[in-house]
Amino acid sequence: NNMFFSSIEIVGLEHLPKTGPVILTGNHNNQFVDGIILLTNCDRQVSFMIAQKSFDRPLVGFLAKAFHCIPVSRPQDIAFPGAGSLTLDGTTCLRGEGTAFVKQLRAGDQVEIVGEENPHKVKSVSSDTHAVLEAATSRSESGVKYKVHPKVDQSKMFDEVYGGLRKGRCLGIFPEGGSHDRTDLLPLKAGVAMIALDAFHKHHMTVPIVPVGLNYFKGHRFGGRVVVEFGPPIVVPEQMYLQYESDRHAAIESLLGLIATGMRSVIVPTPDYHTLQQIYMARRLYVPDGLKLSAEQTMDLNRRFAIGLKRVLDLRTRAAGDVAEMPTTGAASSASAPGLSRSGTGLSDVDYELTQEDADFIDAFKAEVEDYSATLKRLGLKDHQVRQIGWWGVSDLVGRLLYLLATLLMGAIPQLLFNLPVMLIASKWAVSEQHKALKASKVKVAARDVVMSYKIIYVLMLVPVLYVFYGSLILFYFRLCTTSSVLVLTICPFFAFLGMKASEQGIRAYTDLLPLFKRFLPATREEQDTLPARRKQLQKKLNKAVKKFGPLLGDLYHLKSVDWAKEIGWFTHAAERAANLPQSPSQDPAAPLGQAACP
């Protein structure tokens, strides 16, 4: 267990090669914590690529140097507001008013234009008020503000990366480019693919890529849980190396697709947090009462429900005629989107049309699960407690009350003296950083990804200050001898740890105690007593749905060991279609090359 998390479980560590160069690619949902989790729970020493901005922080930079991290200068970290304003005309021409393009822009820089989805790469600069972009802007408008992202020379960083790989080291990368609190991956940056492909072409090394899933449960809080899952290594296909010689962009995009598929196969990808909670509830209802799954089995079942639900709901949407058919040729064919069947639904090739009765059943069941979850939340209950409601009596209330009092007696004083002051201050400051991060980001939902990182940073800063204060108090106020003072301070960390563990048990006891107290209210007791029957009814409906729609899902339903590259390949394609995110104009291979020249 970890000091800051109640449990950290490792799945699939056998997939990580014991020796030789390897690249770890992880999802990035908990800022600095992600790297620390992998560093402390991996059999190999990992050199992470870390943003220069973070590397320059006092405490983070000290730890980064100690763990041999490689700093990376990112254009967005050194971006600055451009002088004047821009006039856009929907072409590659960039006109300015009061601008200083000659001084502030150069070929290869990127311009972040307010209102545009992605930054635009600069092709050339002809004067202070005229420049040419590599791809057209999406609209015509004048008086637009912008930022300049200077081109960064990364040659030194790449030399350090390849030097480490030549020595057989393990390189860690978070290819999404920055942390976020979404439930699916952000579009991957090209760097990881370029490193793997150039390692072969320029340095004659074949470097496997191992995807790592960092799955957090209340990861922004002290006492949360983490499941770290290592996926099978991705070996770059021979044809991609050959393609890289003639078409670098296409080879990089193909490899990024493989990496994204691998990374999604070790997380539970869903469109949003609400859907993720529905997946967890479906898994709890499906597992037979009394059966405890391992972390690996839990993650596998979560993914089966996530992909299966997406496919069935896709059928439901198709039945309503809300979306067009999935393309099955060209770039979106089954060759580039593994797991797509001829029908393009991701379902088996069984000819099945969703009836209105099926659609009504899906909608009704979804609404019932949401209502059941909302009821549990309102009553302060967990799903596993519903099965115990019929057995609850006065003895349970007394027993849990005594247990709560015991944990309070054991942990109250050390918790109040050592942990609570630090945790309260760290939490308050972390929330302040959360608000700053949310304001500065375009991709964060609530910026929960930064909360735990700043809590840990502030705890590490405040704990020494607290001990210095207590040391001074013991030495100068109580006037104990030096030996006694040192002895007392040496024992203090043990009491702090005791207080932390006792408080964890106390919180669990309180969680169990609250619904027991509520049973003294007649209305609440009556509602609680209806929950076991509601849960059993939901279980029956879920099993009926699984038996009805499961066979349509093919391997996802029939096989004990699923080829996640195939199943997640379909999900990756479906997610990209649903998001409908346009490519960065500077990276779009289909962008028109001939545009009207700037006058």
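In case you missed it, the structure is sitting above this.
This section reports on the structure supplied with the text.

Rules behind the numbers
Residues numbered from 1 in each chain as written. Predicted model: local features only at pLDDT ≥ 70, side-chain atom pairs only at ≥ 80, totals over all residues. Heavy atoms only, no water. Helix = DSSP H or I, 4+ residues; strand = E, 2+ residues; numbered from the N terminus. Buried < 20%, exposed > 50% of the residue type's maximum accessible area, 1.4 Å probe, protein only. Contact = heavy atoms within 4.5 Å. Areas by Shrake-Rupley, 256 points an atom, 1.4 Å probe, with all protein chains shown as cover. Pairing = 2+ DSSP bridges. Axes fitted to C-alpha atoms, helices over the stretch in contact; angles between N-to-C directions. Parallel < 35°, antiparallel > 145°, perpendicular 65-115°, else oblique. Left-handed = near helix turned anticlockwise from the far one by under 90°. Arc of directions from axis to C-beta. Nonpolar A, V, L, I, M, F, W, Y, C, P; charged D, E, K, R; others polar. Phe/Tyr/Trp six-rings, centres within 6.5 Å; stacked < 30°, edge-to-face > 60°. Lys NZ or Arg CZ within 6 Å of the ring centre and 35° of its normal. Core = buried A, V, L, I, M, F, W, Y, C linked by side-chain atoms within 4.5 Å.

The next subject is the overall build of the chain. Along the chain, the regular secondary structure elements total 18 helices and 15 strands. Buried positions account for 45% of the 599 residues belonging to the chain. For the chain, the share of sequence-separated contacts (at least 6 apart) that also reach a separation of at least 24 residues comes to 73%. When the accessible surface of the chain is summed, it comes to about 30,700 Å², and 59% of that surface belongs to carbon and sulfur atoms.

The next point concerns the sheet that holds strand β3 (residues 46-51). Sheet strands pair by backbone hydrogen bonding; their relative direction is either parallel or antiparallel. The mixed open sheet is built from seven strands, whose spatial order is β1-β15-β14-β2-β13-β3-β4. The open sheet is flanked by β1 (5-11) and β4 (70-72), the only strands paired with a single partner. Going from strand to strand, the sheet's axes swing by 25° on average, the running direction of each strand aside. When β3 meets β4, the two strands line up parallel, connected through three bridges. Counted as the bridge partner of Ile50 is Pro71 from β4. Packing of helix α5 (residues 155-166) onto the sheet brings it into contact with β2 (22-26), β3, β4 and β13 (170-173), and relative to β4 it is tilted by some 150°.

Our focus in this paragraph is the packing of helix α13 (residues 394-440) against helix α14 (residues 451-477). The geometry of α13 relative to α14 is characterised by a closest axis approach of 8 Å and an angle of 140° between their N-to-C directions. As judged from the angle between their axes, α13 and α14 are oblique. Considering the relative orientation of α13 and α14, their crossing is right-handed. In contact with Leu417, Phe418, Val422, Ile425, Ala426, Ser427, Trp429, Ala430, Glu433 and Gln434 of α13, α14 contributes Val451, Tyr454, Lys455, Tyr458, Val459, Leu462, Val463, Leu466, Tyr467 and Tyr470.

Among the residues of helix α3 (residues 58-66), Val60, Gly61 and Ala64 are the ones counted as buried. Angular distribution of buried residues about the axis of α3 spans 95°; they occupy a single face of the element. Residues Pro58 and Phe62 are exposed on α3 and point more than 90 degrees away from its buried face. The positive-phi residue at the C-terminal boundary of α3 is His68, with phi of around 60°.

Turning our attention to the sheet that holds strand β8 (residues 110-113). What the eight strands build is an open sheet, ordered β5-β12-β8-β9-β10-β7-β6-β11; its pairing is antiparallel. Of all strands in the sheet, those bounded by a partner on one side alone are β5 (80-81) and β11 (140-144). Direction of pairing for strand β9 (residues 120-125) relative to strand β10 (residues 130-133): antiparallel, over a ladder of three bridges. When the bridges of β10 are listed, Val125 appears paired with Ala131.

With their axes 10 Å apart at the nearest point, α14 and helix α15 (residues 482-518) run at an angle of 140° to one another. Accordingly, the angle class assigned to the pair α14 and α15 is oblique. When you trace α14 past α15, the crossing you get is right-handed. On α15, the residues touching Tyr467, Tyr470, Gly471, Ile474 and Leu475 of α14 are Ser485, Val488, Leu489, Cys492, Pro493 and Ala496. Residues belonging to the contact of α14 with α15 are distributed by class as follows: nine nonpolar, two polar and no charged.

Two numbers describe a pair of aromatic rings. These are the distance of the centres and the angle of the planes. According to the stated counting rule, one finds 17 aromatic pairs in the structure shown. Each ring, one from Phe101 and one from Tyr146, has its centre 6.4 Å from the other, and the planes form 75°; the classification is edge-to-face. Of this pair, Phe101 sits in helix α4 (residues 101-104) while Tyr146 sits in strand β12 (residues 146-149); the two residues are 45 residues apart in sequence, bridging distant segments of the chain. Each member of the pair Phe101 and Tyr146 is classed as buried. Note on Phe158 and Tyr162: the rings are 6.2 Å apart at their centroids and 20° apart in plane angle, and the pair reads as stacked. Here Phe158 pairs with Tyr162, and both are found in helix α5, just four residues apart, close to one helical turn. Since its relative accessible area comes to 5%, Tyr162 is described here as buried. Taken together, the aromatic side chains of Phe32, Trp429, Tyr454 and Tyr458 make up a single cluster linked through ring pairs. Sitting over the ring of Phe217, Arg225 keeps its end group 4.4 Å from the ring centre.

Okay, the nonpolar core next. As a rule of thumb, nonpolar side chains are buried together in soluble globular proteins. Core analysis: the largest hydrophobic core is formed by 47 residues, its most contacted members being Phe5, Leu24, Ile37, Leu38, Val228 and Phe230. Residues contacting Phe5, with those up to four places away along its chain left out, are Asn30, Val33, Ile37, Tyr216, Gly219, Gly223, Gly224, Arg225, Val226 and Met452.

Residue position: Ser85 is located in strand β6 (residues 85-89). By relative accessible area, Ser85 is classed as buried at 13%. In contact with Ser85, not counting residues within four places along its chain, are Arg95, Gly96, Glu97, Thr99, Gly143, Val144 and Tyr146.

On to the environment of Thr407. Within the secondary structure layout, Thr407 lies in helix α13. For Thr407, a relative accessible area of 7% puts it in the buried group. On a C-alpha basis, the gap between Thr407 and Ala502 in space is 5.2 Å, while along the polypeptide they are 95 residues apart. Those residues in contact with Thr407 that sit more than four places away from it in its chain are Ala412, Ala502, Gln505 and Gly506.

Everything listed here is a matter of geometry and, on its own, says nothing about what the molecule does.
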